[in-house]
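# Chains, contacts and geometry: an overview
Listed below, chain by chain, are the residues.
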Amino acid sequence: MRRRVTPANPHFLAIGGQPAVAQLAERFYHHMDTLEEARGIRALHPPDLGPIQELFARFLVEWLGGPPLYSSERGHPRLRRRHLPFPIGARERDAWMLCMRTALAEVVPDAALRAQLEAAFFRTADFMRNQPAPAGG
Ligand code: HEM
């Protein structure tokens, strides 16, 4: 029986590998930097988005099933804990998702793959919420 040496990484390969992931990170932070709806979450970030764009691209390569470019440098992601310093409620989650959906529409032409990625990003963004939902909503 042949053993598989590399783990299955369908999303990383399907999206187009590292160049596509780098492009996704670039478009994502471009939208965060320019969309009116993202002004609130933009303000949570430092003036220069360059370093986080690089780090996010490395995270995404790994999250999508590519090589461990993030954890080899930063250790376990512990994403929820790393986001605790920032107030994230439904509004911030939705603004983040708007930037990501807009970026995905530009970088991932395959509608089925895009829908899968949107769902996975939403689950992660929703998990990042650390503020109570507003009363009545
Ligand atoms: C839900 C709304 C979210 C907000 C408002 C938000 C905001 C932030 C902020 C302000 C930082 C710090 C940036 C810096 O230090 O320069 C950060 C870091 C990061 N975020 Fe988010 N984020 C959100 C969701 C997500 C999601 C869904 C993911 C992954 C799919 C993600 C992945 C990351 C990563 C990998 C880092 C760097 C962590 C590290 O320091 O190693 N974020 N985020």
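Details of the structure are given in the entry above.
The structure reproduced in this document is the subject of the present report.

Calculation rules
Residues numbered from 1 in each chain as written. Predicted model: local features only at pLDDT ≥ 70, side-chain atom pairs only at ≥ 80, totals over all residues. Heavy atoms only, no water. Helix = DSSP H or I, 4+ residues; strand = E, 2+ residues; numbered from the N terminus. Rg over C-alpha atoms; globule rule 2.2 N^0.38 Å. Buried < 20%, exposed > 50% of the residue type's maximum accessible area, 1.4 Å probe, protein only. Contact = heavy atoms within 4.5 Å. Areas by Shrake-Rupley, 256 points an atom, 1.4 Å probe, with all protein chains shown as cover. Lys, Arg positive; Asp, Glu negative; His and termini not counted. Charge placed at Lys NZ, Arg CZ, Asp CG, Glu CD. Near = heavy atom within 4 Å. Polar contact = N/O pair within 3.5 Å; in protein donor to acceptor, adjacent residues only side chain to side chain. 1 Å grid on protein atoms, 1.4 Å probe; cavity = no way out; pocket = protein on both sides within 12 Å on 5 of 7 lines; lining within 4 Å. Sits in = over half its atoms within 2 Å of the grid points. Nonpolar A, V, L, I, M, F, W, Y, C, P; charged D, E, K, R; others polar. Donors = N, O, S within 2.8 Å, 3.2 Å for Na, K, Ca; no water. Core = buried A, V, L, I, M, F, W, Y, C linked by side-chain atoms within 4.5 Å.

### Quick look at the overall build of the protein
- Counting its secondary structure elements, the protein contains eight helices and zero strands.
- Element order for the protein, N to C, with α for helix and β for strand: α-α-α-α-α-α-α-α.
- Relative to a compact globule of 137 residues, whose C-alpha radius of gyration would be 14 Å, the protein shows 16 Å and is just as compact.
- Counting only C-alpha atoms, the protein reaches 60 × 35 × 30 Å along its principal axes.
- The buried share of the protein, reckoned over its 137 residues, is 31%.
- Look at the contacts in the protein between residues 6 or more apart in sequence, and 68% of them connect residues 24 or more apart.
- Counting only carbon and sulfur atoms, one obtains 56% of the accessible surface of the protein, whose full area is about 8,600 Å².
- Seen as two clouds, the 18 positive and the 14 negative side-chain charges of the protein have centres 9 Å apart.

### Focus: the site of the ligand
- As a structural note, the neighbourhood of the ligand is formed by 22 residues, with Pro46, Tyr70, Arg74, His83 and Trp96 the closest of them.
- Contact distances for the ligand include 2.4 Å between an oxygen atom and a side-chain N or O atom of Tyr70.
- Here His83 contributes a side-chain N or O atom positioned 2.8 Å from a nitrogen atom of the ligand.
- With respect to the pocket detection grid, the ligand is positioned in the largest pocket.
- If you list the elements that add at least two residues to the shell around the ligand, you get α4 (50–63), α6 (79–83), α7 (90–107) and α8 (111–127).
- With four residues, α4 is the largest single contributor of residues to the shell around the ligand.
- Among the residues forming the shell around the ligand, the class breakdown is 15 nonpolar, three polar and four charged.

### A look at the coordination of the iron atom of the ligand
- Exactly one donor from the protein chain reaches the iron atom of the ligand: His83 (NE2), at 2.0 Å.
- Along the polypeptide, His83 turns up in helix α6.

### Description of the environment of Cys99
- With respect to the helices and strands, the residue Cys99 is situated in helix α7.
- Note: C-alpha distance between Cys99 and Phe28 (71 residues apart in sequence) is 5.5 Å.
- Those residues in contact with Cys99 that sit more than four places away from it in its chain are Phe28, His31, Met32, Leu35 and Ala38.

### Notes on the environment of Arg129
- Counting through the fold element by element, Arg129 comes out in the segment after α8.
- What makes Arg129 partly exposed here is its relative accessible area of 26%.
- In the structure, Arg129 is positioned 49 residues away from Arg80 in sequence and 8.2 Å away in space, judged by C-alpha atoms.
- If we ignore the near neighbours within four places in the chain, the residues touching Arg129 are Arg80, Ile88, Gly89, Ala90 and Arg93.

### A closer look at the nonpolar core
- Counting residues in hydrophobic clusters, the biggest one holds 32 residues, and the most contacted among them are Ile15, Leu24, Phe28, Phe56, Leu117 and Phe121.
- Counting residues per element, the ones that place at least two in this core are α1 (10–15), α2 (17–34), α4, α7 and α8.
- Those residues in contact with Ile15 that sit more than four places away from it in its chain are Ala20, Val21, Leu24, Leu64, Val108, Leu113 and Leu117.

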